[in-house]
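Below, each chain spelled out in residue letters.
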Amino acid sequence: MPAVPSFILEPVWSQFAALIPERVDTHPWGCHRPRIPDRIVFDKLVQVLVLGCSYATIADSTCSATTLRARRDEWIAAGFFTRLEDLCLEAYDRIIGLGLDNVVVDGCLVKAPCGGEAAGKSPVDRGKQGTKRSLMVDAQGIPIGCVVAPANRNDSILLQPTLEHLARFDHGLGCGMPDRITVHLDAGYDSRATRQRLATLGCDWIISAKGTPLQAGARWVVERTNAWHNRGFGKLRCCTERRIRVIEAFIALANAIIITRRLVRQAWTTHRWDARPTRRP
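Since the model is a prediction, treat every value here as computed from it, not as a measurement.

Asker: Can you help me understand the layout of surface pockets in this one?
Answerer: Think of a ball as big as a water molecule: rolled over the atoms, this probe shows where empty space is left. Considered as a void within the structure, the second largest pocket measures approximately 320 Å³ in volume. What lines the second largest pocket is a set of 19 residues, among which Thr82, Glu85, His165, Glu248 and Ala252 lie closest to the centre. Within the residue set of the lining of the second largest pocket, elements represented by two or more residues are helix H4 (65-77), helix H5 (80-95), strand S4 (143-150) and helix H10 (244-267). A total of six residues in the lining of the second largest pocket trace back to one element, the largest contributor, which is H10. Among the residues making up the lining of the second largest pocket, the classes are represented as 10 nonpolar, five polar and four charged.

Asker: Where do I start with the pairing of strand S3 (residues 129-137) in this structure?
Answerer: Residues in a regular strand project their side chains so that they alternate between the two faces of the sheet. For S3, the buried fraction is high: eight of the nine residues fall into the buried class. Relative to S3, strand S1 (residues 102-111) runs antiparallel, the two sharing eight bridges. Along S3, the bridge assignment pairs Lys111 with Gly130. As defined by bridge partners, strand S2 (residues 120-121) adjoins S3 across two bridges and the pair is classed as antiparallel. In the sheet register, Lys121 faces S3, and the bridge partner there is Gln129. Pairing between S3 and S4: seven bridges, direction antiparallel.

Asker: Would you explain the nonpolar core in this entry?
Answerer: Side chains that are nonpolar tend, in soluble globular proteins, to be buried together. Among the nonpolar cores identified, the biggest contains 74 residues, and Phe16, Phe42, Trp75, Phe81, Leu163 and Val183 are the most heavily contacted of them. When residues of this core are assigned to their parent elements, the largest contribution, 13 residues, is made by H10.

Asker: I'm lost on the environment of His32 in this one. Help?
Answerer: Within the secondary structure, His32 sits in the loop between helix H1 (6-19) and helix H2 (38-51). Distance from His32 to Gly234, taken between C-alpha atoms, is 36 Å for residues 202 residues apart in sequence. Residue contacts for His32: discarding those within four places in its chain leaves Asp25 and His27.

Asker: Whenever I open this one, empty space enclosed by the protein confuses me. Can you help?
Answerer: If you walk through the whole model with that rule in mind, you get two cavities of 30 Å³ or more. Estimates place the volume of the largest cavity at around 70 Å³. For the largest cavity, the full set of lining residues is Val110, Thr131, Arg133, Lys235, Leu236, Cys239, Thr240, Glu241 and Ile247. Of all elements in the fold, only S3 and helix H9 (234-237) reach the threshold of two or more residues within the lining of the largest cavity. Its residues assigned to classes, the lining of the largest cavity comprises four nonpolar, two polar and three charged. Along the walls of the second largest cavity sit Leu45, Arg72, Ile76, Phe81, Val246, Ala249, Phe250 and Leu253, which together make up its complete lining. Listed by contribution, the elements that provide at least two residues to the lining of the second largest cavity are H4 and H10. Of the residues forming the lining of the second largest cavity, the biggest block, four residues, is contributed by H10. Looking at side-chain class alone, the lining of the second largest cavity contains seven nonpolar, no polar and one charged residues.

Criteria and thresholds
Residues numbered from 1 in each chain as written. Predicted model: local features only at pLDDT ≥ 70, side-chain atom pairs only at ≥ 80, totals over all residues. Heavy atoms only, no water. 1 Å grid on protein atoms, 1.4 Å probe; cavity = no way out; pocket = protein on both sides within 12 Å on 5 of 7 lines; lining within 4 Å. Points joined across faces, edges and corners; volume = space filled by probe spheres on them. Helix = DSSP H or I, 4+ residues; strand = E, 2+ residues; numbered from the N terminus. Nonpolar A, V, L, I, M, F, W, Y, C, P; charged D, E, K, R; others polar. Buried < 20%, exposed > 50% of the residue type's maximum accessible area, 1.4 Å probe, protein only. Pairing = 2+ DSSP bridges. Core = buried A, V, L, I, M, F, W, Y, C linked by side-chain atoms within 4.5 Å. Contact = heavy atoms within 4.5 Å.

See below:
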């Protein structure tokens, strides 16, 4: 059984394959070992992301763990994972439409047993190593930005770097930004410093008050997206990567899968296409 259903994985791979330039063989004799096909490496990286297993566990006779890491780093350096996420967001906005008038930001703590650049003492796990993801979603819960930091970093400090991801929509994605943006936050952001940051950025805000019963409001969509990350992707549920750029690459790949899945399911009732499945996924 594939880690991701084919009706999601195939369009994601098609977009990713279009980003990879054609490789020119410069060996004078052409007698070196053949290069492992990119599709095999991509499928195995998806399996690592979904299952949360090590590279050595997923490696086999078709592709070694060393090749997986080397090709992963090559694609990260070329910016392919970030570009893939941008392409999925652009497609979703063109077909369904992103709700950027209201955005929701929240933090999520996960274990980081291997330590690394994004590991710190977790305040909710007896000081064990943990990582925090500060996630921003649109009004429908589509992930549009994420910042990775140690678990002991305050949510309020990560708010501005997270909101700065909105700049991606003014540089290349084509959907543009609304005149006013309302940011929905939980009680952990209820402070004067947070309001000053939001006022500096020109944003409106709705922040749950401290010391009052839970006020979900429009914030439930970010909790759902955090659940999608943690329940659907083992590599994000327990962060075993030590470098931030690798963690961000896996988050971008997970976001591309989530956005594609939402696009297919929401477009089912509004659009038809030649390869449309006979049953609703």
